[in-house]
Amino acid sequence: MTSTIRVARLGQADVDAAAGILYDAFGSVYRRRGHAPPFPTRDSAAWLCRAYLDLDPEGCALAWSASEAVGVGFAHVRGAATSIGPLAARPGASPGVARAKLASGSTSLRLFQDSFNPDSFGLYTRLGYTVADVAPYLLAEQLVPAGMAVPPGIRPLSGSDLADLERYDRTRTGADRRADLALLASTGAGFIAEGPSPGAVAGYLFFRTLPARVVVGPGVAESQEVMADLVDAVAAALPGRAAVIRASAAAPLVLQRSFARGFRVDHLGNLMVLGSYHPPPTQLYALFPESL
């Protein structure tokens, strides 16, 4: 007999249980298919849970079967758009766990699905999600700059750019990402491509320098050429550093430029959407929060 799945808000007291589910679930799927899991330790999974509790406390959920925690999921509501992830069910848990965690009233839902995981692809497809983009996960052991200078028309982001950048981002993505962009600006750095008139924005790209690697993204730009120059700017600023990008197959020029800067494809993912979705001209996806 299948137990009823109950979904409740995740709290600080639930972090260890949630981290254990993330660690076990992703470790099982990734290692079975020959990939390094995104959570190498339970501590790394616990860090993510705590970070999302700070950023999106109302979107953090734990699924229960009787008295056992069997699933965890995170939703990031940004106006009419909601990005979801990561989602995980304890290995061997009922398939109803994932369905319960995916319930939402948003008009546009977005999530990333690892293409090497046919089970999750089938689940999301049955729930009505469709593939909007192929999103390669790129790794660079060392960034290889094209030259020592930042490309013309590109300059470092400053605090005074944030209001213009927020307006630009909303017009191109349709999502209200002000809190995320402010967090990225306060905890990382970035570059901006200036438009043809004063205060105009032609694109931007954030990056966060962590001990192990540089996390590049998110970014939005008016063209692939602008985004490629922004990638060049990051490589010029941080030569020799390890880095990661979640890219878009819809922007082949940006992929080619990323390969020239030292990146390679680690694995492919799919951006899957339910409801309306209008992508910007060119983008690099965020790794935190997921599918931002």
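Everything here concerns the structure above.
Let me sum up the structure you'll find in this document. (Residues numbered from 1 in each chain as written. Predicted model: local features only at pLDDT ≥ 70, side-chain atom pairs only at ≥ 80, totals over all residues. Heavy atoms only, no water.)

1. Remarks on the packing of helix 1 (residues 15–32) against helix 2 (residues 42–55)
Okay, step 1: At a closest axis distance of 8 Å, the pairing of helix 1 and helix 2 adopts a crossing angle of 125 degrees. If you check the angle between helix 1 and helix 2, you find them oblique. For the pair helix 1 and helix 2, the sense of crossing is right-handed. From helix 1, V15, D16, A18, A19, G20, L22, Y23 and D24 reach across to helix 2, where they touch R42, A45, A46, C49, R50 and L53.
Okay, step 2: Residues of the contact of helix 1 with helix 2, tallied by class, amount to 9 nonpolar, 1 polar and 4 charged. (Axes fitted to C-alpha atoms, helices over the stretch in contact; angles between N-to-C directions. Helix = DSSP H or I, 4+ residues; strand = E, 2+ residues; numbered from the N terminus. Parallel < 35°, antiparallel > 145°, perpendicular 65-115°, else oblique. Left-handed = near helix turned anticlockwise from the far one by under 90°. Contact = heavy atoms within 4.5 Å. Nonpolar A, V, L, I, M, F, W, Y, C, P; charged D, E, K, R; others polar.)

2. What to know about the packing of aromatic side chains
Okay, step 1: By the definition in use, this model includes 10 aromatic pairs.
Okay, step 2: Judged by centre distance (6.1 Å) and plane angle (50 degrees), the rings of F26 and Y30 are tilted. You can see F26 and its partner Y30 sitting in helix 1, 4 residues apart, about one turn around the helix.
Okay, step 3: Consider the rings of Y52 and F288, whose centres lie 5.0 Å apart with planes at 5 degrees: the pair is stacked. Of this pair, Y52 sits in helix 2 while F288 sits in the segment after strand 13 (282–284); the two residues are 236 residues apart in sequence, bridging distant segments of the chain.
Okay, step 4: Judged by its relative accessible area of 1%, Y52 falls in the buried class. (Phe/Tyr/Trp six-rings, centres within 6.5 Å; stacked < 30°, edge-to-face > 60°. Buried < 20%, exposed > 50% of the residue type's maximum accessible area, 1.4 Å probe, protein only.)

3. A closer look at the side chain of S83
Okay, step 1: Structurally, S83 can be placed in strand 4 (residues 81–89).
Okay, step 2: At 3.4 Å, the side chain of S83 and the backbone oxygen of E290 are in polar contact.
Okay, step 3: Among all residues touching S83, those that are not within four sequence positions of it are F74, A75, H76, R110, E290, S291 and L292. (Polar contact = N/O pair within 3.5 Å; in protein donor to acceptor, adjacent residues only side chain to side chain.)

4. Section: the nonpolar core
Okay, step 1: If you look at the biggest cluster of nonpolar residues, it comprises 28 residues, and the most contacted ones within it are L143, L205, V216, L230, V234 and L284.
Okay, step 2: Counting residues per element, this core draws most heavily on helix 7 (residues 224–237), at 7 residues.
Okay, step 3: Within the second largest apolar cluster, 27 residues are counted, among which are L22, F39, A46 and F288. (Core = buried A, V, L, I, M, F, W, Y, C linked by side-chain atoms within 4.5 Å.)

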